[in-house]
Amino acid sequence: MVKNFPLEQSNPERPVISVYPDAKAASVDVAQRIASLIRAKQRDNKQIVLGLATGSTPIYVYEELVRLHREEELSFNNVISFNLDEYFPMQPDSSQSYVAFMKKYLFDHIDIKPENVHIPDGTLARAEIEAYCSAYENKIKAVGGIDIQLLGIGRTGHIGFNEPGATRFSKTRLVELNDLTRTDAAPAFGSKEYVPTEAITMGIDTIMAARKILLMAWGRGKAEIVQKTMETEVTATIPATFLKTCEQVEFVLDNEAASLLTGLEA
Ligand code: GLP
């Protein structure tokens, strides 16, 4: 069900868009694709590097991966993972941390080796952050780069926590969170005032170095930003538009998130 979205002449990029009836169907397919690559690498005795996202969007993907582990003997013993981002400051044992999120939805239920899991550290002293971020980049490179990068999209058009203004060649770094992003995160923190104002995130360049990138968006609430991303020229004002310049990107949408797109071709 892959559809191509023809963009205007002024914008030569033609991202691949896959539209599914609903988020569950899309997520099961994404999880199956990940599982196939994990198994293919296992047959070749190789490791696979996954770039992982948090937020509500990837939850069904993780549920399906857990099901595959429990019911279909999918092992994660050859998986190395790098998470996109973490709030700063953030204690890993706090329920709002992305460490807690990943444990809850994935890591506590599969056989990934703890030493193969990487999530940006929200407990660093400010002075340590720069060196830590460049070490994070180096670790990704040292294991051969990311094979599959999962992404959600924020209503600001952010990917990871690359907010409007993030540059194409940005790397892992400390960033300030956008006001809308903090509003959207408020329910998890009880109130917006408790949402951290900063985060550590992989950069746009870090993300775009992945060999396959799946940006997922579900529901009517994402339809506007999906439409803007597709129909606006490539601009730092909407960081997700950078993805349109790389051919390894696929936008995986449900019908509702795709509902404002015009000109989708079957
Ligand atoms: C957060 C995360 C992003 C995520 C976005 C969308 O800001 N840092 O990686 O894509 O939220 O969240 P949701 O999937 O809940 O809509």
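### Topic: helix 3 (residues 98-105)
Listing the buried residues of helix 3 in full gives Tyr98, Val99, Phe101 and Met102. Each buried residue of helix 3 lies within a common arc of 160 degrees when the element is viewed along its axis, so the set occupies one face. Tucked inside the fold, the buried residues of helix 3 contact strand 3 (48-52), helix 2 (59-72), strand 4 (79-83) and strand 5 (85-88).

### Some words on the packing of aromatic side chains
Ring pairs (aromatic) are described by centroid distance and by the angle formed between their planes. Taken as a whole and judged by the stated rule, the model has seven aromatic pairs. Here Phe82 and Tyr136 contribute two aromatic rings whose centre-to-centre distance is 5.6 Å and whose plane-to-plane angle is 90 degrees, an arrangement assigned as edge-to-face. On the criterion of sequence distance, the pair formed by Phe82 in strand 4 and Tyr136 in helix 4 (residues 129-142) is long-range, its members being 54 residues apart. Judged by relative accessible area, Tyr136 falls into the buried class, the value being 2%. Between Tyr98 and Phe161, the aromatic rings sit 6.1 Å apart at their centres with planes inclined by 15 degrees, giving stacked as the arrangement. Of this pair, Tyr98 sits in helix 3 while Phe161 sits in the loop between strand 7 (148-151) and strand 8 (173-176), and the two are 63 residues apart along the sequence. Ring-pair connections join several aromatic residues into one group, and the members of that group are Tyr87, Tyr98, Phe161 and Phe189.

### Some details on the site of the ligand
In the neighbourhood of the ligand, the contacting residues comprise Thr54, Gly55, Ser56, Thr57, Asp85, Tyr98, Gly152, Ile153, His158, Gly160, Phe161 and Lys222. Measuring from an oxygen atom of the ligand, one finds a side-chain N or O atom of Lys222 at 2.5 Å. Compared with its free state, where it exposes 390 Å², the ligand has 84% of that area covered by protein. For the shell around the ligand, a count of residues per class yields three nonpolar, seven polar and two charged.

### Side note on unusual backbone geometry
The residue after Phe88, namely Pro89, is reached through a cis peptide bond having omega -10 degrees. Inspection of the secondary structure puts Pro89 in the loop between strand 5 and helix 3. Phi is positive for Glu73, close to 55 degrees, though the residue is something other than glycine. Looking at where Glu73 falls in the secondary structure, it is placed in the loop between helix 2 and strand 4.

Thresholds, definitions, all that
- Residues numbered from 1 in each chain as written.
- Predicted model: local features only at pLDDT ≥ 70, side-chain atom pairs only at ≥ 80, totals over all residues.
- Heavy atoms only, no water.
- Buried < 20%, exposed > 50% of the residue type's maximum accessible area, 1.4 Å probe, protein only.
- Helix = DSSP H or I, 4+ residues; strand = E, 2+ residues; numbered from the N terminus.
- Arc of directions from axis to C-beta.
- Contact = heavy atoms within 4.5 Å.
- Phe/Tyr/Trp six-rings, centres within 6.5 Å; stacked < 30°, edge-to-face > 60°.
- Near = heavy atom within 4 Å.
- Polar contact = N/O pair within 3.5 Å; in protein donor to acceptor, adjacent residues only side chain to side chain.
- Areas by Shrake-Rupley, 256 points an atom, 1.4 Å probe, with all protein chains shown as cover.
- Nonpolar A, V, L, I, M, F, W, Y, C, P; charged D, E, K, R; others polar.

Interpretation in functional terms is not warranted from these geometric data alone.
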